[in-house]
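# Coordinates in review
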Amino acid sequence: MIDTKQKSLKGGEFIIRESDPTSVFIPEEYTEEHKMMASMADDFLDAEVLPYLDRIDSMEEGLMKSIMDKAGELGLLGISVPEEYGGFGKDFITAMLMTEKMGAGHSFAVAMSAHTGIGTLPILYFGTAEQKSKYLPKLATGELKASYCLTEPGSGSDALAAKTKAILSSDGKHYILNGQKMWITNAGFADLFIVFAQIDGDKFTGFIVEKNTAGLSLGEEEHKMGIKGSSTRQVFFADCNVPVENVLGDIGKGHLIAFNILNIGRAKLAGAALGGAKRAIGLSVSYANERQQFKLPISKFGAIKHKLAEQAIKTFTLESALYRASDQIDEMEKELLAKGLNPADSLLGAAEEFAVECAILKVFGSEVLDYVVDEGVQIYGGYGFSSDYPMDRAYRDSRINRIFEGTNEINRMLIVDMLLKRAMKGSLDLMTPAQNIQKELMGIPDFGNGEETPFSECLTAVSNMKKAILMVAGAAVQKYMMTLAKEQEIIMNISDMIIETYTSESILLRVQKLSTTKGSDELTVYIDMMHTFIYESADRVNHAGKSAICSMADGDELRMMLLGLKRFTKMHPYNTKDSRRRIANVLIDKNTYPF
Amino acid sequence: MKILVCISNVPDTTTKITFNSEQTEFNTSGVQFVINPYDEIALTRAIEITEKDGGTVTVLHVGEASADPTIRKALAMGAHDAIRVNAAPRDAWFVANQISNVANGAGYDLILMGRESIDHNGSQMAALVGELMNIPSISICKSLTLEGNKATVDREIEGGKEVAIVETPFIASASEGMAEPRIPNMRGIMSARTKPLNVVEAVAVDTLSEIISYDTPKGRGQVTLVEADNTDKLVELLHTEAKVI
Ligand SMILES: Cc1cc2nc3c(=O)[nH]c(=O)nc-3n(C[C@H](O)[C@H](O)[C@H](O)COP(=O)(O)OP(=O)(O)OC[C@H]3O[C@@H](n4cnc5c(N)ncnc54)[C@H](O)[C@@H]3O)c2cc1C
């Protein structure tokens, strides 16, 4: 198994196939234009956002709106909008890079990504020609600002259970909306609301609702733990007349909009988390270099080095996985375009193909950021707990990412659910490799020839993690069949194994590719990050696998699977203290996140 | 109005400066280069002038191909085309000769540049080029307004300002205040790729100076605080520690 090489994998296929490092995109391959756009975004944040964070968070009247307008003037709101609608028609990688850059912008990042993502994309991908030409040019410049109303007081994770109703008026010209939406980002200043409602109580459908529509009203701003500057309100509809031409997409097909937009949103959330993480690391390392205790900068202490290194390792891994997947989405989009699909369906199809990867990124990205800001607070010590220092805001603002765009629990379940559905449909053959694992377990283990390089060790480790997944997931499917969905704890375990594997493989592929262009001195720190991440990832795969196995098997089967798991997660002893010190020293020397 | 703006490519202000082991060369590896901030001010003013009165802005850089991203950024900000003299910018005399060689006879009404580059801080360029081209050169200008071929400039001088009136063609070096650099927009960035960047070869220039070595400033010493009424202690420290009396 795991030997068929092909240029580009399909979604989810990483579990059963290897990728060729030359086929993955790595951030070191940005074009000059990418870099120029990135530096423009940095300049924008430095000039227009970061100096005003306190004022933004105090919800100063009109401020967020005016910053959005400035972003619009620079073209930052039209990156993904096609040129024919006044945007720049950039590919997914470019859009991701800009999302990452803006991700360091706290509440502004949320406002902007809600506008450009869940606010604008439903019209771009599901709108009629008239809707697109009416709204997109103004959304691309920021003249109109958008929000997305899916969640209701009674339906969060269970989004399709929304109760908001739409009934066709007697003259057939309007839908009359009645209901209540909850937690709506940008509601306070939005001109457009993408609203989901049940036509006749059972046909879940999207609508474009303009702000001045009679019957639409807003609740007060919610009081939140973080992203305090981002407007979040309830939106009420009381006999709100929406013209029939504002129905978005097909009647009864609202779930297609909601779920497809979420795939893209999840990957973008990981992008924003990456931007936030890089900024938080920069702050952490410069603080650690400055703060003296016991007559030494605290960055000289091993305990602090450990934190700095771990922040960097996780963030670098996230970046590797994020842009690997973004490129896969771009490539698939091109493929679908070449097959004759229109641009909207091509990107949606591509994002759907990689929906598993998008969910992985969402979970991993939000948890990496939470780790980074948590240790950021710790590195700042008491000053991390003070609102006069930046880590307090970073810590509070991070937390929402594990909740919206599908909670991390929902996303973890989706990862496994989507893979199994593909296996059932026959589009992803998990069965054959899973059976091969069974055979392999009966045979004599391969002890290798002893001579290992970091790459060969990590390659084996990643390929073994895949075997561990197939073994555990295969057993779970066999045991529970149709009732597996009820064993959420085991699904979470399997999902964690999958997330570990995808991210481990991503950092491996990136460093393999880097090894063809970087000299051995320069490469050291990258190999250190890769080896440390994968070494500990193998342990985490073991941990998750063990709790799944012990929860579902007993007797000989239990013993055999535990032995198998041990075999599949074993690596040669590795000195992570030294490697983390080397990594931290690079950060400390450069006084920033330098990768 | 035909304007030439000279830009240099300098390490980002946050760069940690290090040298090679012989202390004769600046280590450029891993360093982020940017348009010299003062040149950026000059460029912004030039773009403002042509936006208002029409005309073209050409940016000129003396340097190697590694500086092309910096030149593209100038194009993204709104310059119309660019020229790069393909040679390492050895010293001020060399660069001034290259600039005057490009500008001579090319019909520029105005040549703008920053008051100094933030790497070597020589502050010689405007004067050197003016001399080589035999046209007026005004340095450290805080504002520049044009009416026809007459320009009014405010100069920064010790303790005040000086107002000068000068006719084109002339050279001015820009200081803070002349313009507020803008962030290039998406349209600018996307059009930068298609704007002409002409590479020309350098003319031969005598080498008049040579870098012997570089050094970084010594770290600041420890500060010892002495109570205001303890002058004896102060005198003692000045004798024994500072050894200045
Ligand atoms: C600041 C903010 C901004 C938001 N912006 C928007 C917006 O612009 N538009 C919009 O439509 N929505 C928005 N939301 C809503 C957000 O998407 C929801 O809060 C989220 O989907 C979770 O729904 P819930 O809050 O109802 O939690 P619940 O669904 O009640 O979940 C509570 C807990 O139960 C778990 N859980 C739920 N179902 C299951 C299950 N089947 N199995 C296991 N565990 C489960 C969840 O993981 C979670 O831990 C926003 C929310 C916040 C806080």
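Residues numbered from 1 in each chain as written. Chains lettered and ligands numbered in written order. Predicted model: local features only at pLDDT ≥ 70, side-chain atom pairs only at ≥ 80, totals over all residues.

This brings us to the overall build of chain B. Along the backbone of chain B there are six helices and 11 strands. Dimensions of chain B, computed from C-alpha atoms along their principal axes, come out at roughly 70 × 45 × 40 Å. Residues counted as buried form 36% of the 245 residues belonging to chain B. Across chain B, contacts joining residues at least 24 apart in sequence account for 70% of those joining residues at least 6 apart. (Helix = DSSP H or I, 4+ residues; strand = E, 2+ residues; numbered from the N terminus. Buried ≥ 20, exposed ≤ 12 C-beta atoms within 10 Å, placed from the backbone. Contact = placed C-beta atoms within 7 Å.)

When helices and strands are counted, chain A shows 19 helices and 12 strands. The C-alpha radius of gyration of chain A comes to 24 Å, within 12% of the 25 Å expected for a compact globule of 595 residues. Over its C-alpha atoms, taken along the principal directions, chain A stretches across nearly 80 × 60 × 40 Å. (Rg over C-alpha atoms; globule rule 2.2 N^0.38 Å.)

Residues and elements named next belong to chain A. Leu150, Gly156, Ser157, Trp183 and Thr407 are the nearest of the 20 residues found near the ligand. When residues of the shell around the ligand are traced back to their parent elements, those giving at least two are strand S3 (146-149), strand S5 (174-185) and helix H13 (408-425). Looking at the shell around the ligand, its residues break down into 10 nonpolar, eight polar and two charged. When residues of the shell around the ligand are sorted by domain, at least three fall in each of domain 2 (147-254) and domain 3 (261-410). (Near = placed C-beta within 6 Å. Nonpolar A, V, L, I, M, F, W, Y, C, P; charged D, E, K, R; others polar. Domains from an automatic or database assignment.)

So, on to the interface of chain A and chain B. Listed per partner, the contact involves 13 residues of chain A and 12 residues of chain B. Counting residues per element, the side of chain A that touches chain B draws most heavily on helix H1 (residues 32-49) of chain A, at nine residues. Grouping the amino acids of the side of chain A that touches chain B by side-chain chemistry returns seven nonpolar, one polar and five charged.

Here the focus is the pairing of strand S9 (residues 160-167) of chain B. Residues and elements named next belong to chain B. In terms of burial, S9 is largely open, as just zero of its eight residues are buried. Inspection of the sheet shows strand S8 (residues 150-157) paired to S9 by eight bridges, in the antiparallel sense. Its bridge partner being in S9, Thr152 is matched across the sheet by Ile165. Hairpin geometry of S8 and S9 is characterised by an intervening segment of two residues between the two adjacent antiparallel strands and by a positive phi of about 75° at Gly159. (Pairing = 2+ DSSP bridges.)

Let us now look at the confidence of the model for chain B. With 100% of its residues at a pLDDT of 70 or more, chain B shows a mean pLDDT of 92. Scored by ipTM, the complex comes to 0.86, with pTM at 0.93. (pLDDT = per-residue confidence, 0-100.)

On to the environment of Ser175(B). Residue and element names in this part refer to chain B. With respect to the element layout, Ser175 can be found in the loop between strand S10 (170-174) and helix H5 (186-192). Sequence separation between Ser175 and Gly114 is 61 residues; the distance between their C-alpha atoms is 6.5 Å. Residue contacts for Ser175: discarding those within four places in its chain leaves Tyr38, Arg115, Ile140, Cys141, Lys142 and Glu156.

A few words on the sheet that holds strand S1 (residues 2-6) of chain B. Where strands meet in a sheet, backbone hydrogen bonds hold them as pairs that are either parallel or antiparallel. Residue and element names in this part refer to chain B. Here nine strands make up an open sheet; going across it, the order is S9-S8-S7-S10-S6-S1-S4-S5-S11 and the pairing mixed. Looking at the sheet topology across the chains shown, the edges are occupied by S9 and strand S11 (197-200). The mean inter-strand angle of the sheet, taken between neighbouring strand axes irrespective of direction, is 30°. Judged from the five bridges that link them, S1 and strand S4 (residues 56-63) form a sheet pairing that is parallel. Among the inter-strand pairings, Cys6 is bridged to a residue of S4, identified as Leu60. Packed on one face of the sheet, helix H4 (residues 125-133) meets S1, strand S6 (110-114), strand S7 (137-147) and S10 and runs near 75° to S7. (Axes fitted to C-alpha atoms, helices over the stretch in contact; angles between N-to-C directions.)

Let us now look at the domain arrangement of chain A. All names here are of chain A. For chain A, the domain assignment lists domain 1 (28-145), domain 2 (147-254), domain 3 (261-410) and domain 4 (427-590). The centre of domain 3, based on its C-alpha atoms, is set 21 Å off from the matching centre of domain 4. On the domain 4 side, the residues contacting the 20 residues of domain 3 number 17 residues. Looking at the side of domain 3 that touches domain 4, the element that brings in the most residues is helix H9 (residues 302-338), giving 13 residues.

Residues and elements named next belong to chain A. Helix length check: H9 (37 residues) gives 54 Å between terminal C-alpha atoms against 54 Å at 1.5 Å per residue, within 8%. In terms of burial, H9 is a largely internal element, 27 of the 37 residues being buried. Among the residues trailing H9, Gly340 stands out with phi positive, at a value near 105°. (Expected span 1.5 Å × (residues − 1).)

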